[in-house]
Amino acid sequence: MGKIILYGFDISPPSRAVKLTLAALQLPYEYVIVNTFKKEQNSPEYLKKNPQHTVPTLEDDGRYISDSHAILAYLAKKYGKDSSLYPSDVFQSAIVDQRLHYDSSTLFTSIWFGITKPLVLAGKTQIEKAKIAELVEAYDLLETFLASNNYITGPDLTIADFSIITTISALMILLVPDSSKYPKLNAWLKRIQELPYYQEATGSGADELETVLKSTNFTIES
Ligand SMILES: N[C@@H](CCC(=O)N[C@@H](CS)C(=O)NCC(=O)O)C(=O)O
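Residues numbered from 1 in each chain as written. Predicted model: local features only at pLDDT ≥ 70, side-chain atom pairs only at ≥ 80, totals over all residues. Heavy atoms only, no water.

## Considerations on the site of the ligand
Part 1 of the argument: Near the ligand there are 13 residues, and of these Q41, H53, V55, D67 and S68 occur at the shortest range.
Part 2 of the argument: A distance of 2.9 Å separates an oxygen atom of the ligand from a polar atom in the side chain of H53.
Part 3 of the argument: At a separation of 2.8 Å, an oxygen atom of the ligand approaches a polar backbone atom of V55.
Part 4 of the argument: The protein chains hide 88% of the 510 Å² of surface that the ligand would expose on its own.
Part 5 of the argument: For the shell around the ligand, the secondary structure elements donating two or more residues are α3 (68–79) and α4 (90–120). (Near = heavy atom within 4 Å. Polar contact = N/O pair within 3.5 Å; in protein donor to acceptor, adjacent residues only side chain to side chain. Areas by Shrake-Rupley, 256 points an atom, 1.4 Å probe, with all protein chains shown as cover. Helix = DSSP H or I, 4+ residues; strand = E, 2+ residues; numbered from the N terminus.)

And the structure:
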């Protein structure tokens, strides 16, 4: 096995999803912090690794992969053949892919491009009602995914759980999913957060994001 290096930032949900996957697979790695508030992702050295200037980026044996969803699938396929994290069954793996694409295209987009980036980087101070409606729609959908399953794709824990929980931890700063309206979602959150490696892998990233968001003194359109 070659040397694994993760370039990331704990405040970034996709970076935490990779840390969870590395922990679940019990893979040793070096963690290099790339502070996006200091724009370290735009340094010439980092751009050589990831021209898209995003965290996370994974280095495995001198080769680079960016985008957390690609990294999660790579790690699980390469190092987790005996785990359920990315099923070998073609249909089941397509369900995992669907959830990863949902996180990438919709969930993460709602919270990062729709809310966090405008508040933190563009000086906006109000969140429109429509943006909060997107969070409600997301909770409704996740409650449906979890209707008869303990995990987001079925009876087993997969990389989709890691991808979605770190994004949801950001959504929850703005809107707590009511336990009477979303019992399955709340039970799932607890189930994932109780994984033995969860706390260490995710660190204080979600709390730090909460502090940064609240420091903008944002209001929600009434
Ligand atoms: N789809 C990407 C999103 C990565 C992303 O947008 N990361 C943000 C932080 S959460 C970032 O690095 N932004 C800095 C930039 O775009 O310059 C993934 O899952 O890795």
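Still more to cover.
## Brief notes about the pairing of strand β2 (residues 30–33)
Each regular strand shows side chains that alternate between the opposite faces of the sheet.
Part 1 of the argument: As paired elements, strand β1 (residues 4–8) and β2 share four bridges and run parallel to each other. Note on β2: the bridge partner recorded for I5 is E30.
Part 2 of the argument: Handedness of the β1-helix α1 (residues 13–24)-β2 crossover: right-handed. (Pairing = 2+ DSSP bridges. Right-handed = clockwise from strand over helix to strand, strands pointing away.)

## What to know about the pairing of strand β3 (residues 57–60)
Part 1 of the argument: Residues T57 and E59 line one face of β3 and the alternating positions L58 and D60 line the opposite face, and both faces are buried.
Part 2 of the argument: Taken together, the four bridges between β1 and β3 define a ladder with antiparallel strand orientation. Bridge assignment links I4 to a residue of β3, and that residue is D60.
Part 3 of the argument: Inspection of the sheet shows β3 paired to strand β4 (residues 63–66) by four bridges, in the antiparallel sense. In the sheet register, E59 faces β4, and the bridge partner there is Y64.
Part 4 of the argument: Between β3 and β4, which pair antiparallel in sequence order, lie two residues; one of them, D61, sits at a positive phi of approximately 55°. (Buried < 20%, exposed > 50% of the residue type's maximum accessible area, 1.4 Å probe, protein only.)

## A look at the UniProt feature "domain: GST N-terminal" (unreviewed entry) in the protein chain
Part 1 of the argument: Those residues carrying the UniProt feature "domain: GST N-terminal" (unreviewed entry) are residues 2–83 in this numbering.
Part 2 of the argument: End C-alpha atoms of residues 2–83 are separated by 20 Å, and the span's content is 37% helix alongside 21% strand. (UniProt positions renumbered as here; feature names shortened; annotations may be inferred.)

## Considering the pattern of salt bridges
It is possible for side chains bearing opposite charge to pair when their charged atoms get close.
Part 1 of the argument: Under the criterion given, the structure shown has six salt bridges.
Part 2 of the argument: Ionic pairing is found between K78 and D60, a salt bridge with its closest N-O pair at 3.1 Å. On the criterion of sequence distance, the pair formed by K78 in helix α3 and D60 in strand β3 is long-range, its members being 18 residues apart.
Part 3 of the argument: Overall, the relative accessible area of 39% leaves K78 in the partly exposed class.
Part 4 of the argument: Across the salt bridge formed by K124 and E128, the nearest N and O atoms sit 2.3 Å from each other.
Part 5 of the argument: Residue E128 is classed as partly exposed on the basis of its relative accessible area of 30%. (Salt bridge = Lys/Arg side-chain N within 4 Å of Asp/Glu carboxyl O.)

## A few points about the sheet that holds β2
Part 1 of the argument: Strand order in the open sheet formed by four strands is β2-β1-β3-β4, and the pairing between neighbours is mixed. This sheet does not close on itself; its edge strands, each paired only once, are β2 and β4. On average, each strand axis in the sheet is tilted by 20° relative to the strand beside it, whichever way the strands run.
Part 2 of the argument: Packing against the sheet, α1 makes contact with β1, β2 and β3, and its axis sits at approximately 155° to β1. (Axes fitted to C-alpha atoms, helices over the stretch in contact; angles between N-to-C directions. Contact = heavy atoms within 4.5 Å.)

## Considerations on the nonpolar core
Part 1 of the argument: Ranked by internal contacts, the top residues of the largest apolar core, which has 64 residues, are L75, I159 and W188.
Part 2 of the argument: Looking at this core element by element, the count peaks at 10 residues for helix α6 (residues 159–174).
Part 3 of the argument: Once residues within four sequence positions are removed from consideration, I159 is found in contact with T21, L72, A73, A76, L85, Y86, V96 and L100. (Core = buried A, V, L, I, M, F, W, Y, C linked by side-chain atoms within 4.5 Å.)

## Remarks on the packing of aromatic side chains
Part 1 of the argument: On inspection of all chains with the given rule, the structure shows eight aromatic pairs.
Part 2 of the argument: Centroid distance Y139 to Y182: 5.6 Å. Interplanar angle 65°. Geometry classified as edge-to-face. Highlighted residues: Y139 in helix α5 (residues 129–145) and Y182 in the loop between α6 and α7 (183–193), separated in sequence by 43 residues.
Part 3 of the argument: What makes Y139 buried here is its relative accessible area of 0%.
Part 4 of the argument: Each residue in the set F108, W112 and F113 is aromatic and connected to the rest through ring pairs, giving one cluster.
Part 5 of the argument: One Lys or Arg, K19, reaches over the ring of Y31 and ends 4.3 Å from the middle of that ring.
Part 6 of the argument: Cation over ring: R99 sits above F145, and NZ or CZ is 3.7 Å from the ring centre. (Phe/Tyr/Trp six-rings, centres within 6.5 Å; stacked < 30°, edge-to-face > 60°. Lys NZ or Arg CZ within 6 Å of the ring centre and 35° of its normal.)

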